[in-house]
Structure formats: structure tokens, C-alpha cells
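Architecture at a glance
One letter stands for each residue in the lines below.
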Amino acid sequence: MKKLILVIGAFLLLGLILINVFTNSGAMARDEIEINKTYLKDSKELVADMSISGNLHKKKTLEIKTILKEENTISIKNDQTGGELECIVINSKGEKVFLEKINGDTIRTFESMSGEGILKLVLNSGKHDAMIIINEDEHKND
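The following refers to the structure shown. (Residues numbered from 1 in each chain as written. Predicted model: local features only at pLDDT ≥ 70, side-chain atom pairs only at ≥ 80, totals over all residues. Heavy atoms only, no water.)

1. Thoughts on the overall build of the protein
Scanning the protein from terminus to terminus reveals two helices and nine strands. For the protein, the N- to C-terminal ordering of α and β elements is α-β-β-β-β-β-β-β-β-β-α. Put simply, the protein has 142 residues, and 30% of those count as buried. Residue pairs in contact within the protein that sit at least 24 positions apart in sequence constitute 68% of those at least 6 positions apart. (Helix = DSSP H or I, 4+ residues; strand = E, 2+ residues; numbered from the N terminus. Buried < 20%, exposed > 50% of the residue type's maximum accessible area, 1.4 Å probe, protein only. Contact = heavy atoms within 4.5 Å.)

Right, dumping it as C-alpha cells:
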């Protein structure tokens, strides 16, 4: 009888230890990323620029709506240390008009039809510190 109580007690203790280990490791693996957006004029969904800072443990894709014109510029100030940033721009017809993996700072131009578009940013795991500006010259007068 004493052996049975010791075995049950050992299993309960082992179970408590495992529960504690798994719940603590899950808390440490939480993504901590901050995203700040500047919207165009009076819009609540069309983005002019955004900043990203923090740390990711898993790959994450951010998707924002913006305005595209015939000649577009994307300026990226990228101080991330955990890998590259993939930038994808999709026009209102669903066509990819720009796709590039970016390390460091860069300014890229591309052509598109005018109208609303989608900017997708694929962030790898690691530390991120980036500023993305879409058609900067266009928004200086806003």
C-alpha cells in the first residue's frame, strides 16, 4: 500500500513539474513586436508608412492597404539583425507588381496601375527594427 501511494505521489509530482516547464517555456516564446502606422489623409485603412520593432520567434506576414500610382517608390530603413525582410506589392487586380527580399536600407521603384494596392511584408524570426515608407514624395504635402 505504501508503495502504491509513493508511485502515485511520484507521478503527481512529475506531472506538476512538466506542467510548470511547458507553461513557462510557452511564455518565453511569445512574439513581442510593435507596429506603428501612419495613415493617408483622413483614411483609417490606407497606410503611408509604418515602423516595425521587436522580436519574432516565428515567421510572420504583415499586410497593409495603400495607394499605388503609375511610378512608385518604397523606402526601407532596415536595421534588423535576424535575417531578411521580404516585400511584396499587389495591385488592385491581384497582380504582383513588386517582389524582393531585402537586407539593410534600400530604396526601390516599380510600376503599377494607379489605385489601391496591398503591401505584404514577410518577417523572418529574429529581431526587427525597420521603417517602410511608400511614395514618400507624394505624402510630404499631406
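Structure's up, so let's keep going.
2. Brief notes about the nonpolar core
Residues I74, L119, L121 and I132 are the most contacted members of the largest nonpolar core, which totals 21 residues. Counting residues per element, the ones that place at least two in this core are β2 (47–56), β3 (60–68), β4 (71–78), β5 (85–90), β6 (96–102), β8 (115–123) and β9 (126–134). For this core, the element with the highest residue contribution is β2, accounting for four residues. Setting aside anything within four residues of it in sequence, one finds L119 in contact with L62, E63, I64, I74, C87, I88, V89, I132 and I134. (Core = buried A, V, L, I, M, F, W, Y, C linked by side-chain atoms within 4.5 Å.)

3. A look at the sheet that holds β2
Pairing is antiparallel in the open sheet, where five strands are placed in the order β1-β2-β9-β4-β7. A single partner strand is all that each edge strand has here, and the edge strands are β1 (32–39) and β7 (106–111). Going across the sheet, the axis of each strand differs from the next one's by a mean of 15°, ignoring polarity. (Pairing = 2+ DSSP bridges. Axes fitted to C-alpha atoms, helices over the stretch in contact; angles between N-to-C directions.)

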